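Understanding the architecture of this molecule
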Amino acid sequence: MKYSIGDVAKLTGISVSTLRFYDKEGFFKDLKRTEGGIRVFSDKELEVLNVIDCLKHSGLSIKDIKEFLIWCAQGDSSIEKRRALFYARKEEVMSQIVLLQETLDFLKYKCWFYDMAKKLGSTDAVLNLDEKDIPSEFLKFAHRSKKAA
């Protein structure tokens, strides 16, 4: 299928200016143009954009994404480099997920803490709750709060 730059922007949520930048940087190896110079995207470029988006969300820089695309153009001789890159990105994302889960758990605790403080009328009342009155998933945070108080 053929797409205009506007179509691709709507489909992907990537701005037209970013698509132009990617083109200038050589991210689309075989991007076609009309006789008037208008870019004509295909499903191949959409797939490249999916990979770029994935790598960006995994924390890879534009410079490193550009290097990855150069490896792709090299063909099978760069399979191991590309494979290693995706394994490294996977590990990085898994680490980020662990950190985000810890952050979410703490935020849930603080929501509970301040809900209880509002209900009981003070933060001291929450800090002095008996352990049996604290949800088990929040006990580790409650112990830290008492030590810090």
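Presented here is a report on the structure given in the accompanying data block. (Residues numbered from 1 in each chain as written. Predicted model: local features only at pLDDT ≥ 70, side-chain atom pairs only at ≥ 80, totals over all residues. Heavy atoms only, no water.)

The next point concerns the packing of aromatic side chains. Taken as a whole, this structure holds 12 aromatic pairs when the rule is applied. Relative to Phe41, the ring of Phe28 lies with its centre 5.5 Å away and its plane at 80°, an arrangement referred to as edge-to-face. With a gap of 13 residues between them, Phe28 in the loop between helix H2 (16–24) and strand E2 (32–33) and Phe41 in strand E3 (residues 39–42) connect regions that are remote in the sequence. Among the residues examined, Phe41 registers a relative accessible area of 0% and is labelled buried. Here the aromatic rings of Phe106 and Phe141 are separated by 5.5 Å at their centres, their planes lie at 65°, and the arrangement is edge-to-face. Residue Phe106 is located in helix H5 (residues 79–120), and its partner Phe141 is located in helix H7 (residues 139–148); the two are separated by 35 residues in the primary sequence. Overall, the relative accessible area of 37% leaves Phe106 in the partly exposed class. Judged by its relative accessible area of 4%, Phe141 is buried. Connected via pairs of aromatic rings, a cluster forms that spans Phe106, Tyr109, Trp112, Phe113, Tyr114, Phe138 and Phe141. Directly above the aromatic system of Phe113 lies the positively charged group of Lys110, at a separation of 4.7 Å from the ring centroid. (Phe/Tyr/Trp six-rings, centres within 6.5 Å; stacked < 30°, edge-to-face > 60°. Helix = DSSP H or I, 4+ residues; strand = E, 2+ residues; numbered from the N terminus. Buried < 20%, exposed > 50% of the residue type's maximum accessible area, 1.4 Å probe, protein only. Lys NZ or Arg CZ within 6 Å of the ring centre and 35° of its normal.)

This part takes up the nonpolar core. Ranked by size, the top nonpolar core spans 22 residues in total, and within it Leu49 and Ile52 carry the most contacts. Taken together, the elements giving at least two residues each to this core come down to helix H1 (5–12), H2, helix H3 (43–57) and helix H4 (62–74). Top element by residues in this core is H3. It accounts for five residues. In contact with Leu49, other than residues within four places in its own chain, are Val8, Thr12, Ile14, Leu19, Tyr22 and Phe28. (Core = buried A, V, L, I, M, F, W, Y, C linked by side-chain atoms within 4.5 Å. Contact = heavy atoms within 4.5 Å.)

Here we come to the environment of Met116. Examined against the element boundaries, Met116 turns out to sit in helix H5. Along the chain, Met116 and Ile134 lie 18 residues apart, while their C-alpha atoms are 10.0 Å from each other. Setting aside residues no more than four positions away along its own chain, Met116 makes contact with Gly121, Val126 and Leu129.

Applying the stated criterion across every chain yields a total of six salt bridges. A salt bridge links Asp23 to Arg39, with the nearest nitrogen and oxygen atoms 2.6 Å apart. Here the residue Asp23 occupies a position in helix H2, and Arg39 occupies one in strand E3, the gap between them amounting to 16 residues. Considered together, Asp23 and Arg39 belong to a single accessibility category, that of buried residues. Arg83 is paired through a salt bridge with Glu80; the nearest N and O atoms lie 3.3 Å apart. (Salt bridge = Lys/Arg side-chain N within 4 Å of Asp/Glu carboxyl O.)

Once that is clear, we can look at the sheet that holds E2. The sheet built from three strands is open, its strands ordered E1-E3-E2 with antiparallel pairing. Only two strands of the sheet have a single partner each, and these edge strands are strand E1 (2–3) and E2. (Pairing = 2+ DSSP bridges.)

Looking now at the packing of H3 against H5. As a packed pair, H3 and H5 sit with axes 10 Å apart at the nearest point and diverge in direction by 50°. When the axis of H3 is compared with that of H5, the two are oblique. Where H3 abuts H5, its residues Val51, Leu55 and His57 lie against Leu85, Phe86, Arg89 and Gln96. Its residues assigned to classes, the contact of H3 with H5 comprises four nonpolar, two polar and one charged. (Axes fitted to C-alpha atoms, helices over the stretch in contact; angles between N-to-C directions. Parallel < 35°, antiparallel > 145°, perpendicular 65-115°, else oblique. Nonpolar A, V, L, I, M, F, W, Y, C, P; charged D, E, K, R; others polar.)

Buried residues of H1: Ile5, Val8 and Ala9, and no others. Seen end-on, H1 carries its buried residues on one side only, within an arc spanning 100°. Facing away from the buried side of H1, by more than 90 degrees, are the exposed residues Lys10 and Leu11. Those residues of H1 that are buried are in contact with E1, H2, E3 and H3. Two residues or fewer after H1 comes Gly13, characterised by a positive phi angle close to 80°. (Arc of directions from axis to C-beta.)

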